[in-house]
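Topology and contacts: notes
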Amino acid sequence: CTVIFTRLATRDLHKPISILFCNLAVSDLFTSFSGFWISMLFITNPDITIFGSRDMLAPYALYTTSILSTIYNLVSIGIERYLAVAESMRTRFRVARNHSIAVVFISWVLAFFLGCLPLLGWNCLHAERSSSVLYSPFCVNYLIFIAVPNIAVAFVVPLFTYLRIIIILRKRKLRMKACGQATGTYKSAEIQVARTSISIWLLALVSYAPFFAGVIFDATNRRCHTDLYPGVYIFRNCTAMLITITCLGNPVLYTLKLRTLGAKLKALRCLSANRVRACTI
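All values reported here derive from a predicted model rather than from experimental measurement.

**Here we look at the overall build of the protein**
- Looking only at helices and strands, one finds nine helices and zero strands in the protein.
- In the protein, the succession of helices and strands from N to C terminus is α-α-α-α-α-α-α-α-α.
- Split by element, the accessible area of the protein, about 14700 Å² in all, is 68% carbon and sulfur.

Take a look at the structure:
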């Protein structure tokens, strides 16, 4: 909420990256709200969060939707940062405000569609054999369908984009060094990108890898709920806490760190543009 109100108060939403930051904060807010909803259901009736009930479909669907939206936002921010760096090198494509709005709209539509599939009928209320142990009444095949491709995207795409940014900055630094020009700005930006990307990777790995492990456990496990109580459900609660930590860590990583990084990248684009003009003249 602090990130959202700060962005709105400063009227900084004309920048494409600011729109993505604000949307990421909205996704984190939805994740926190849905997690609080599930916690309240556990306090009032713990059995339905273990054995499953129709009352769990809506909060689990909202929880899944918010997590998917967060993943799509993280991927979008990585791609936007890559285009911001590569734009001054060899491409003429420039990320505009309309592009960011379109990405936000598409990500929410996709997240709502995939997250609400259990509400549309893909659930295991009447098919206990294929029901998930950790997230009843979700089906195991639905969790696999959601978790495997989306978590793969959350790891692979940011890895590619941030590595490409580091490679581009290093090439520019070496090129300017060969020309006898100062490379301090490029070196500083390269270090900042490396630190931020490592932090993003570690936070995503710590947050989503246990959830993915839980889905794999669901797919391979054939025992009933009571045989796994309470250890497996403690693990499930820990994965939910880790995802909540992601909601707390995202504003620190993106709103604070990348604000300075964005200024550095803007300075780099100005340097590159001046160099192109000088060569043309």
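**Let's talk about the packing of aromatic side chains**
- For the structure shown, the criterion picks out nine aromatic pairs.
- Ring pairs connect the aromatic residues Tyr60, Trp122, Tyr135, Phe138, Tyr142, Phe145 and Phe211, which therefore count as one cluster.

**Focus: the nonpolar core**
- Grouped together as the largest cluster of nonpolar side chains are 32 residues, with contacts concentrated most on Tyr135, Phe138 and Tyr142.
- Breaking this core down by element, the ones donating at least two residues are α2 (16–44), α4 (57–86), α5 (97–115), α6 (140–178), α7 (184–220) and α9 (231–280).

**Thoughts on the side chain of Ser69**
- Note that Ser69 resides in helix α4.
- A distance of 2.7 Å separates the side chain of Ser69 from the side chain of Ser27, its partner in a polar contact.
- Not counting chain neighbours up to four residues away, the residues in contact with Ser69 comprise Ser27, Trp108 and Ala111.

**Looking at a nonpolar patch on the surface**
- A cluster of nonpolar side chains, contributed by Phe36, Met40, Phe42 and Ile43, occupies part of the molecular surface with about 420 Å² of accessible area.
- You can see Ile43 is positioned in helix α2.
- Classification of Ile43 as exposed rests on a relative accessible area of 60%.

**Side note on the packing of α2 against α5**
- Two elements in contact, α2 and α5, have axes separated by 8 Å at closest approach and are oriented at 20°. With respect to each other, α2 and α5 are oriented roughly parallel. Here α2 runs over α5; the crossing is right-handed. In this structure, α2 uses Pro16, Ile19, Leu20, Asn23, Val26, Ser27 and Phe30 to contact α5, whose residues at the interface are Arg97, Ser100, Ile101, Val103, Val104, Ser107 and Trp108.
- Here the contact of α2 with α5 is composed, by residue class, of nine nonpolar, four polar and one charged.

**Regarding the UniProt feature "transmembrane region" (unreviewed entry) in the protein**
- Sites flagged by UniProt as "transmembrane region" (unreviewed entry) map to residues 17–40, 60–79, 100–122, 142–167, 198–217 and 233–256.
- Here residues 142–167 is 100% helix and 0% strand, with 38 Å between the C-alpha atoms at its ends.
- Along residues 198–217, the helical share is 100% and the strand share 0%, with 28 Å between the first and last C-alpha atoms.

**Topic: unusual backbone geometry**
- Look at the link from Ser136 to Pro137: it is a cis peptide, with omega at 10°.
- Within the secondary structure, Pro137 sits in the loop between α5 and α6.

**Structural notes on the confidence of the model for the protein**
- Here the protein averages 76 in pLDDT, and 74% of its residues register 70 or above.
- Note that pLDDT drops below 50 for residues 275–281; the model gives that stretch two contacts with residues more than four away or on any other chain.

**Some words on the environment of Val252**
- The topology assignment puts Val252 in helix α9.
- For Val252, a relative accessible area of 44% translates into the label partly exposed.
- On a C-alpha basis, the gap between Val252 and Val3 in space is 9.7 Å, while along the polypeptide they are 249 residues apart.

What counts, and where the lines are drawn
- Residues numbered from 1 in each chain as written.
- Predicted model: local features only at pLDDT ≥ 70, side-chain atom pairs only at ≥ 80, totals over all residues.
- Heavy atoms only, no water.
- Helix = DSSP H or I, 4+ residues; strand = E, 2+ residues; numbered from the N terminus.
- Areas by Shrake-Rupley, 256 points an atom, 1.4 Å probe, with all protein chains shown as cover.
- Phe/Tyr/Trp six-rings, centres within 6.5 Å; stacked < 30°, edge-to-face > 60°.
- Core = buried A, V, L, I, M, F, W, Y, C linked by side-chain atoms within 4.5 Å.
- Buried < 20%, exposed > 50% of the residue type's maximum accessible area, 1.4 Å probe, protein only.
- Polar contact = N/O pair within 3.5 Å; in protein donor to acceptor, adjacent residues only side chain to side chain.
- Contact = heavy atoms within 4.5 Å.
- Patch = residues over 30% accessible without salt bridge, like charges linked within 9 Å, V, L, I, M, F, W, Y side chains within 5 Å.
- Salt bridge = Lys/Arg side-chain N within 4 Å of Asp/Glu carboxyl O.
- Axes fitted to C-alpha atoms, helices over the stretch in contact; angles between N-to-C directions.
- Parallel < 35°, antiparallel > 145°, perpendicular 65-115°, else oblique.
- Left-handed = near helix turned anticlockwise from the far one by under 90°.
- Nonpolar A, V, L, I, M, F, W, Y, C, P; charged D, E, K, R; others polar.
- UniProt positions renumbered as here; feature names shortened; annotations may be inferred.
- pLDDT = per-residue confidence, 0-100.

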